[in-house]
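# Descriptive analysis of the structure
Given next are the chains, with one letter for each unit.
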Amino acid sequence: MDNKKKRPVILDGDPGHDDAIAWVLASTIDDFDIKAITTVAGNQTLEKVTYNARRIAALLHLDIEVAKGRNRPLCADLIIAPNFHGETGLDGPKLPEPHLPLSNLSAIEMMAKVLQESEEKVTIISTGAQTNVAALLLAHPELKEKIEMISTMGGGLRNGNWTSGAEFNILVDPEAAYTVYHSGVPLQMCGLDVTEQALVYPEEFERIRALHNPIAETVAGWFDFFFIHVKSLGWAGATTHDPCAVMSLVHPEIFDIRDYYVDIELSGRYCRGATIADYHGRLGKEPNCRCVVGLDRQKFVDYLVEACSKYEGWEV
Ligand code: BDR
Ligand code: CA
């Protein structure tokens, strides 16, 4: 495909096993032109997730300098998730050391530069707390029109996972999510409604491992580690959250997507960080979000396996 016709994409996340798998998937999509990789504190501290991002870039031979983002939420104290992702934030398979220096630009400066320089509108794929994205929108409101869409993993219209009401990425920085949801920029939300249906079962880790290429083996190893904690919570498969934010852009036909007005609960004794959809239209507001609420699980897994198969003959 002609390079000019590709969709410019920024990957913003906190790798994190499922962020890493999302980035593997993104790097196989011919239609994507990955312009920047930016990191945000969440699953682990900013230092750790940035180091992980640089190692993932080396693994995937991505010639893109990683730009370090915000080390804490806009207003709140940082929450991290070592129970899911380990002390490094990406425990499990051994990874190569970074092949490129860290960018001199901050994540917000990098995002702004990509948007300013791009002739096409840019898609931001946010798979962590929305701190960087919110900071970008606050610092550069004039660049909103350069954003095609913000595709997020975050929230849950029916339930939370870190508290009963809130999903981790939104709970880490509810004020950032509020800023994003009220920005007027086209927004897609892959919340727990879909991501807890995006289960990959242990026998499917083996399907990936059996591809016998270094990326597939690494992805299978990431699933092995991530599933240890997820299984202890009673799940029969790995809740494959962040790849949904990528897959729903390229294979929307396998997803159930509905438009709702969604707002972020900022206070409350129990519900800070909840994503509330106005299902009944009582607020009389226009939808501000494409909410991804279901998927064809088997096709999701098949596409994931197919993506890993593209690394046949890869050298690390
Ligand atoms: C989200 O939280 C993180 O632990 C995962 O990487 C994912 O982005 C799921 O709630
Ligand atoms: Ca994440």
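See the structure shown above.
Read on for a plain summary of the structure. (Residues numbered from 1 in each chain as written. Chains lettered and ligands numbered in written order. Predicted model: local features only at pLDDT ≥ 70, side-chain atom pairs only at ≥ 80, totals over all residues. Heavy atoms only, no water.)

### Considering the nonpolar core
A general feature of soluble globular proteins is that nonpolar side chains tend to end up buried together. Ile 37, Val 219, Trp 222, Phe 223 and Phe 300 are the most contacted members of the largest nonpolar core, which totals 64 residues. With nine residues, helix 10 (residues 214-232) is the largest single contributor of residues to this core. In this structure Phe 223 touches Ile 21, Val 200, Phe 205, Ile 208, Ala 238, Thr 240 and Leu 304, once residues within four positions along its chain are discounted. One finds Ala 36, Ala 67, Met 111 and Cys 291 within the second-largest nonpolar core, a separate group that totals 33 residues. (Core = buried A, V, L, I, M, F, W, Y, C linked by side-chain atoms within 4.5 Å. Buried < 20%, exposed > 50% of the residue type's maximum accessible area, 1.4 Å probe, protein only. Helix = DSSP H or I, 4+ residues; strand = E, 2+ residues; numbered from the N terminus. Contact = heavy atoms within 4.5 Å.)

### Looking at the coordination of the calcium ion (ligand 2)
Ligation of the calcium ion (ligand 2) by protein atoms is provided by Asp 14 (OD), Asp 19 (OD), Asp 19 (OD), Thr 127 (O) and Asp 242 (OD), these donors lying 2.2 to 2.6 Å from the ion. Taken in sequence order, the residues that donate to the calcium ion (ligand 2) follow the motif D-x4-D-x107-T-x114-D. (Donors = N, O, S within 2.8 Å, 3.2 Å for Na, K, Ca; no water.)

### Details of the site of ligand 1
Contacts to ligand 1 come from Asp 18, Asp 19, Asn 43, His 85, Thr 127, Met 153, Asn 161, Glu 167, Phe 168, Asn 169, His 241 and Asp 242. His 85 places a side-chain nitrogen or oxygen 2.9 Å from an oxygen atom of ligand 1. Contacts to ligand 1 include Glu 167, whose side-chain N or O atom sits 2.5 Å from an oxygen atom. Considered on its own, ligand 1 offers 280 Å² of accessible surface; in the complex 96% of this is hidden by protein. Mapped onto the shell around ligand 1, the elements with two or more residues apiece are helix 1 (17-27) and helix 6 (168-172). For the shell around ligand 1, a count of residues per class yields two nonpolar, six polar and four charged. (Near = heavy atom within 4 Å. Polar contact = N/O pair within 3.5 Å; in protein donor to acceptor, adjacent residues only side chain to side chain. Areas by Shrake-Rupley, 256 points an atom, 1.4 Å probe, with all protein chains shown as cover. Nonpolar A, V, L, I, M, F, W, Y, C, P; charged D, E, K, R; others polar.)

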